[in-house]
Amino acid sequence: MQVKNKGVGIIGVGSYVPEKTLTNKDLESIVETSDEWIVSRTGIKERHIVAPGVATSDLAAYAAERALLDAGVSADEIDLIIVATATPDMLFPSTACLVQDKIKASKAAAFDLSAGCSGFAYGLVTGSQFIQTGLYNKILVIGAETLSTILDWNDRNTCVLFGDGAGAVVLGEVPAGYGILGIDLGADGSGGEFLKIPAGGSRLPATSESVSQRLHYLQMSGNDVFKFAVKVMGESAVKALDNSGLSSADVDCLIPHQANIRIIQSAAKRLKLPMEKVIVNVDKYGNTSAASIPIALNEALQDNKLKNDDVVVFVGFGAGLTWASCVIKWYKEDKTVV
Ligand code: ACO
């Protein structure tokens, strides 16, 4: 879908990862795996993990405060908070409400969005509609996860892949012609079985039996998700570019969901983009699900890999199954106080 009318874009960016790192070497003493296997199959070298007692809203609030500072916007100017997460603090209240209280964004409405690793891009598109219609002016979109708390640390197929972290952006009006130009959102619920937490919801409420069977942990059919990701990443990015009236030749920077270096490379190949234009940090953080794109965006800005007038494409895929792409003509004023 092509986005018209006023410019709606990202006016502030922030991210936060917990201090503690878990290296592949550390994992060798937890499950039967090796640094060589993990690096060659995924590109991951280490990931950040929360300390006991730290929850998703804690990481989300830190990232949000940094994004507000970067935007030069105060918390009481925020109209809406959207938190994309698969690891909420609790089933309810929403993590967005907990963040609203933590950062004292007293006038903001707040809700969570569940679209797996596509959640951040889904959240951007959702939030931008409220500004496009004139209902709201400033919106916080946050991707935040504490995946370490839902991993089965006995399952080498999954526990080596994920990490914790949060990234946040402030959405607001930008000059016409800048901001979000085109998007592509999609879902294929028939693939829901490939990536899920079976117990703890209404289908299979938590019982001592479900816990002893480890059904409250993340389960994944890695190979099925891999095949889906390779297909959908390139297709979705191309659709969003088409909808923007652009082609892959116009792309200055690709920020893909960071799940696996081989999936990222195949998306770059499909778009005929050299890897120099692709932001990669999966080696340092693993798959941080909804947080991965905003964390990578923040790093791209810090490393001067993204500047005003560039065309940047976000593309994600995840549980659902879902996918989401967003094409942005970048414009952000530097509000950093020196
Ligand atoms: N260490 C050593 N060996 C392992 C490990 C490990 N950590 N994990 C699996 N293996 C073994 C398997 O048991 C298997 O052994 P077998 O052949 O004896 O049965 C072998 O390695 C090969 O397994 P494959 O599944 O074929 O390996 P593949 O090359 O497909 O890589 C991976 C697996 C990395 C999981 C890949 O499929 C992948 O990245 N899938 C996508 C995952 C993903 O992106 N998920 C996130 C979705 S986003 C969201 O919403 C959270």
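An account of the accompanying structure is given in this report. Since we're looking at a predicted model, the values are computed, not measured.

### Observations concerning the pairing of strand S6 (residues 139-146)
In terms of burial, S6 is largely enclosed, as eight of its eight residues are buried. On S6, burial covers both faces: Ile 139, Val 141, Gly 143 and Glu 145 on one face and Leu 140, Ile 142, Ala 144 and Thr 146 on the other are all buried. Bridge count between strand S4 (residues 80-84) and S6: five bridges; the pairing is parallel. Bridge pairing in S6 links Ala 84 to Gly 143. Examined bridge by bridge, S6 and strand S7 (residues 164-174) share eight bridges and lie antiparallel to one another. Looking across to S7, one finds that Val 141 is bridged to Val 169.

### Some details on the nonpolar core
Among the nonpolar cores identified, the biggest contains 43 residues, and Val 160, Leu 254, Val 313, Phe 317 and Val 327 are the most heavily contacted of them. If you list the elements that add at least two residues to this core, you get helix H8 (222-243), helix H9 (261-270), strand S12 (311-318) and strand S13 (322-329). Looking at this core, the element that brings in the most residues is H8, giving eight residues. Among residues more than four places away in sequence, those in contact with Phe 317 are Cys 117, Ser 118, Val 225, Phe 228, Ala 229, Val 232, Met 233, His 257, Ala 259, Ile 263, Thr 322 and Trp 323. If you look at the next biggest cluster of nonpolar residues, it comprises 34 residues, including Val 8, Val 13, Ala 115 and Leu 306.

### Regarding the environment of Ile 30
With respect to the helices and strands, Ile 30 occurs in the loop between helix H1 (24-28) and helix H2 (35-42). Between the C-alpha atoms of Ile 30 and Asp 155, which are 125 residues apart in sequence, the distance is 9.7 Å.

### Description of the sheet that holds strand S8 (residues 179-187)
Strand order across the open sheet formed by four strands is S8-S13-S12-S11, with mixed pairing between neighbours. Either end of the sheet is taken by a strand with one partner, and the two such strands are S8 and strand S11 (253-256). Taken pair by pair, the neighbouring strands of this sheet meet at an average axis angle of 10 degrees, ignoring direction. Pairing geometry for S8 and S13, over eight bridges, is antiparallel. Counted as the bridge partner of Asp 184 is Ser 325 from S13.

### Structural notes on the pairing of S12
With eight of its eight residues buried, S12 lies for the most part within the structure. Burial of S12 is two-sided: the residues Val 311, Val 313, Val 315 and Phe 317 facing one way and the residues Val 312, Phe 314, Gly 316 and Gly 318 facing the other way are all buried. Across four bridges, S11 lies against S12 in parallel orientation. The residue of S12 that forms the bridge with Cys 253 is Val 312. Sheet topology note: the S12/S13 ladder contains eight bridges and is antiparallel. Bridging across to S13, Val 315 finds its partner in Ser 325. Where S12 hands over to S13, the hairpin turn is made up of three residues, of which Gly 320 adopts a positive phi near 145 degrees.

Calculation notes
Residues numbered from 1 in each chain as written. Predicted model: local features only at pLDDT ≥ 70, side-chain atom pairs only at ≥ 80, totals over all residues. Heavy atoms only, no water. Buried < 20%, exposed > 50% of the residue type's maximum accessible area, 1.4 Å probe, protein only. Helix = DSSP H or I, 4+ residues; strand = E, 2+ residues; numbered from the N terminus. Pairing = 2+ DSSP bridges. Core = buried A, V, L, I, M, F, W, Y, C linked by side-chain atoms within 4.5 Å. Contact = heavy atoms within 4.5 Å. Axes fitted to C-alpha atoms, helices over the stretch in contact; angles between N-to-C directions.

The values are spatial; any link to function lies outside them.
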